Amino acid sequence: MSVTKRLEILDLIRELRQQLNLSQKQFAAKVGVSFKTVNRWENGHTAPSRIALKLIEKCYRRWVNPAKDC
């Protein structure tokens, strides 16, 4: 993954989490990963796997439509 794409993804994850008014710990619980994982994503130490990105997308869609649960 290129550095530019990685930066875009980490910025999007942080922005989404902040718009949802969730802490890293709360966001991690919603997505099903550890707090440490979210912290590493947001600090650019690691990038989310494709599976994690799908989980984030799924939860985002459900947060937009609160009738469904993540």
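Here, the structure is the one placed above.
What counts as what
Residues numbered from 1 in each chain as written. Predicted model: local features only at pLDDT ≥ 70, side-chain atom pairs only at ≥ 80, totals over all residues. Heavy atoms only, no water. Salt bridge = Lys/Arg side-chain N within 4 Å of Asp/Glu carboxyl O. Helix = DSSP H or I, 4+ residues; strand = E, 2+ residues; numbered from the N terminus. Buried < 20%, exposed > 50% of the residue type's maximum accessible area, 1.4 Å probe, protein only. 1 Å grid on protein atoms, 1.4 Å probe; cavity = no way out; pocket = protein on both sides within 12 Å on 5 of 7 lines; lining within 4 Å. Points joined across faces, edges and corners; volume = space filled by probe spheres on them. Nonpolar A, V, L, I, M, F, W, Y, C, P; charged D, E, K, R; others polar. Arc of directions from axis to C-beta. Core = buried A, V, L, I, M, F, W, Y, C linked by side-chain atoms within 4.5 Å. Contact = heavy atoms within 4.5 Å. Axes fitted to C-alpha atoms, helices over the stretch in contact; angles between N-to-C directions. Parallel < 35°, antiparallel > 145°, perpendicular 65-115°, else oblique.

1. What about the pattern of salt bridges?
One pass over the structure, following the stated rule, counts five salt bridges. Salt-bridge contacts for Arg61 lead to Glu57; the nearest nitrogen and oxygen are separated by 2.9 Å. With Arg61 and Glu57 both in helix 4 (residues 50–64) and four residues apart, this pair spans about one turn of that helix. Arg61 sits in the exposed class, given a relative accessible area of 54%. Where salt bridges share partners, they join Asp11, Arg14, Arg17 and Glu42 into one cluster.

2. Overview of the layout of surface pockets
The calculated volume of the largest pocket comes to roughly 350 Å³. Forming the walls of the largest pocket are Ile9, Leu12, Ile13, Glu15, Leu16, Gln19, Arg50, Leu53, Lys54, Ile56, Glu57 and Tyr60. Breaking the lining of the largest pocket down by element, the ones donating at least two residues are helix 1 (3–19) and helix 4. In terms of residue class, the lining of the largest pocket is built from seven nonpolar, one polar and four charged.

3. Brief notes about helix 2 (residues 24–31)
Of all the positions in helix 2, only Gln24, Phe27, Ala28 and Val31 are classed as buried. Summarising the axial view, the buried residues of helix 2 lie within an arc of 100°, below the 170-degree limit, and thus occupy one face. Among the exposed residues of helix 2, those oriented more than 90 degrees off its buried face are Lys25 and Ala29. Looking one or two residues past helix 2, Gly32 carries a phi angle of roughly 90°, positive in sign.

4. Considerations on the nonpolar core
Listed in full, the 11 residues of the largest apolar core are Ile9, Ile13, Leu16, Leu22, Phe27, Ala28, Val31, Val38, Trp41, Ala52 and Ile56. The residues contacting Ile56, other than those within four sequence positions of it, are Ile13, Leu16, Phe27, Val31 and Trp41.

5. Here we look at the packing of helix 2 against helix 4
Where helix 2 contacts helix 4, the two axes come as close as 9 Å, and the packing angle between them is 100°. Here helix 2 is positioned roughly perpendicular relative to helix 4, judged by the angle of their axes. On the side of helix 2, the interface is formed by Phe27, Lys30 and Val31, while helix 4 contributes Ala52, Leu55, Ile56, Cys59 and Trp63. Broken down by class, the residue content of the contact of helix 2 with helix 4 amounts to seven nonpolar, no polar and one charged.

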